[in-house]
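Chain residues, written in single-letter form:
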Amino acid sequence: MTDAAALAPDLTGATASQGDRSVVVKDLHKWFGAFEVLRGVDLTVAPGEVVVIVGPSGSGKTTLLRCINFLEEYQGGRVYVGGKLMGYREAGAQAGKLVRLPDRDVSRARADVAMVFQAFNLFPHMTALENVALGPMKVRHLSKAEAHERARTVLARVGLADRMSSYPSKLSGGQQQRVAIARALAMNPKVMLFDEVTSALDPELVGEVLGVMKQLAESHGVTMLVVTHEMLFARDVADRVVFMDSGKIVEEGAPAAIFGNPRTDRLRSFLKRFQGAIQDERPTV
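Note that this is a predicted model, so its numbers are computed, not measured.

**A closer look at the environment of I258**
Now for step 1: Mapped onto the secondary structure, I258 falls in helix α10 (residues 255–260).
Now for step 2: Between the C-alpha atom of I258 and that of V242, which follows or precedes it by 16 residues, the distance is 8.3 Å.
Now for step 3: Those residues within four positions of I258 in sequence are excluded, and the remaining contacts are V241, E251, E252, G253, L267 and L271.

Here it is as structure tokens:
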């Protein structure tokens, strides 16, 4: 694996032209009522980098993804995607004050940050092709012919060239999740976020979805942030692994360092339950 420091350059002042697929999170704070879910998170993701986020349930992993995609508003700090502030604008002369963007502008920015969820969320009355083509038509304003061509391309990329006319009810859970990944890809996003996308699948179907994600990671063109409990995937596919606990990043580094030489007692304790899987030398998928 490449050294993590080299894969995470300082992009704090990045502009869209300098790195339009970068993600920069600066001192991010998020509250749900009186509970602070994110407590000053700092994270920089280089264009094309694959970052896997691990940690116990309730550590803030999913909330971090949802703030990057602005599905959750944050109360402190900044999130930049492609050098552009996500969800807010700076309030002129009032340094440090943020004003939420209008919904139309938020939706436009969110289209560049595709998110794949645990639930497939496919339209049951639409075929796989129609599900994937809908976003490019409605959001990217492609013609039906252009959107269907793009949908065919990405469905073939995720191994579903022979299931384009199938409705979700005729697809396995793994196939439905691959359609969901294709739907995200069809938007030509700057960044792809994956939130525990295998957790709702039967164990025998997990491998096919992880295989698609591994292929995306190896394409060296997709910036990916992946929340998962699949430690073999993190070990074998990530450029960098981030360990979160109690709303903070506790450790981050190359997989070999995180899994082979954890620095903190908290990470060592977390990894104990996965020790057998991490030491397993069989291929991930």
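**A word on the nonpolar core**
Nonpolar side chains in soluble globular proteins generally cluster together in the buried interior.
Now for step 1: L155, I181, M192, F194, M213 and M224 are the most contacted members of the largest nonpolar core, which has 54 residues in total.
Now for step 2: If we skip the residues at most four places from it in the chain, I181 touches V116, V158, M192, F194, V209, V212, M213 and L216.
Now for step 3: Listed in part, the 32 residues of the second largest apolar core include V23, L65, Y74 and V106.

**Quick look at the confidence of the model for the protein chain**
Now for step 1: The share of residues in the protein chain with pLDDT of 70 or more is 88%, and the mean pLDDT across the chain is 89.
Now for step 2: Within the model, pLDDT remains below 50 along residues 281–285, and this stretch shows 11 contacts once partners closer than five positions in the same chain are excluded.

**Brief notes about the environment of K84**
Now for step 1: Relative to the helices and strands, K84 resides in strand β5 (residues 84–85).
Now for step 2: Here K84 falls in the exposed class, since its relative accessible area comes to 54%.
Now for step 3: Between the alpha carbons of K84 and S22 there is a distance of 9.7 Å; along the sequence they are 62 residues apart.

**A short note on helix α3 (residues 61–68)**
Now for step 1: Most of α3 sits out of view: six of its eight residues are buried.
Now for step 2: Within the sequence span of α3, burial applies to K61, T63, L64, L65, C67 and I68.
Now for step 3: F70 sits one or two positions beyond α3 and adopts a positive phi of about 60°.

**Describing the layout of surface pockets**
Now for step 1: Volume-wise, the largest pocket comes out at about 500 Å³.
Now for step 2: Considering the residues around the largest pocket, the lining is formed by 22 residues, among which A114, M115, R183, A184 and M187 are closest to the centre.
Now for step 3: Listing elements by their share of the lining of the largest pocket, those giving two or more residues are α4 (103–110), β8 (113–116), α5 (128–138) and α7 (173–186).
Now for step 4: With four residues, β8 is the largest single contributor of residues to the lining of the largest pocket.

**Digging into the sheet that holds β8**
The pairing of strands in a sheet happens through backbone hydrogen bonds and is either parallel or antiparallel.
Now for step 1: Spatially, the six strands line up as an open sheet ordered β8-β9-β10-β3-β11-β12, and their pairing is mixed. Among the strands making up the open sheet, the edge pair consists of β8 and β12 (248–253). Ignoring strand direction, the axes of neighbouring strands in this sheet form an average angle of 20°.
Now for step 2: Bridging between β8 and strand β9 (residues 191–195) involves four bridges; their strand directions are parallel. Within β9, the position partnered with A114 by the bridge is M192.
Now for step 3: Contacting β8 and β9, α7 runs over the sheet at an angle of about 175° to β8.
Now for step 4: Along the sheet face, helix α8 (residues 203–218) touches β3 (50–54), β9 and β10 (223–227) and points at about 145° away from the line of β10.

**Overview of the sheet that holds β5**
Now for step 1: Strands sit in the order β2-β1-β4-β5 across an open sheet of four strands; the sheet is antiparallel. The sheet is open, and its two borders are formed by β2 (35–45) and β5, each paired with just one other strand.
Now for step 2: Alignment of strand β4 (residues 76–81) against β5, held across two bridges, turns out to be antiparallel. Bridge pairing links V81 to K84 in β5.

**Quick word on the packing of aromatic side chains**
Now for step 1: Under the defined criterion, the tally for this structure stands at five aromatic pairs.
Now for step 2: Judged by centre distance (5.1 Å) and plane angle (85°), the rings of F70 and Y88 are edge-to-face. With a gap of 18 residues between them, F70 in the loop between α3 and β4 and Y88 in strand β6 (residues 88–90) connect regions that are remote in the sequence. Per residue, the accessibility class of F70 equals that of Y88, and both read buried.
Now for step 3: Here the aromatic cluster, defined as three or more aromatic residues joined through ring pairs, consists of F70, Y74 and Y88.

Rules used throughout
- Counting restarts for each chain, with residues numbered from 1 along the sequence as it is written.
- With the structure being a predicted model, the display of local features is reserved for residues of pLDDT at least 70 and the display and counting of side-chain atom pairs for 80 or more, all residues being used for whole-chain, interface and lining totals.
- Note that the side-chain values use all heavy atoms of the structure and ignore hydrogens as well as water.
- The way it works is that DSSP assigns letters per residue, a run of H or I at least four long becomes a helix, a run of E at least two long becomes a strand, and they are numbered from the N terminus.
- It only takes one pair of heavy atoms within 4.5 Å for two residues to be counted as in contact.
- To qualify as a nonpolar core, a set must consist of buried Ala, Val, Leu, Ile, Met, Phe, Trp, Tyr and Cys residues joined through side-chain atoms within 4.5 Å.
- Think of it in three bands: residues with accessible area under 20% of the maximum for their type are buried, residues over 50% are exposed, and the middle band is partly exposed, with areas taken using a 1.4 Å probe on protein chains only.
- Along the chain, pLDDT gives the predictor's confidence residue by residue, from 0 to 100.
- A 1.4 Å probe that fits but cannot get out identifies a cavity on a 1 Å grid over protein atoms alone, an open set with protein on both sides within 12 Å along at least five of seven lines counts as a pocket, and a residue lines either if it has an atom within 4 Å of a point.
- Grid points are joined across faces, edges and corners, and a volume is the space filled by probe spheres set on the points.
- Pairs of strands are assigned from DSSP output, requiring at least two bridges between the strands.
- Helix axes are fitted to C-alpha atoms over the stretch in contact, other axes to C-alpha atoms as well, and angles between N-to-C directions run from 0 to 180 degrees.
- Centres within 6.5 Å are what make two rings of Phe, Tyr or Trp a pair, Trp counting through its six-membered ring; a difference in plane orientation under 30 degrees is then read as stacked, over 60 as edge-to-face, and the rest as tilted.

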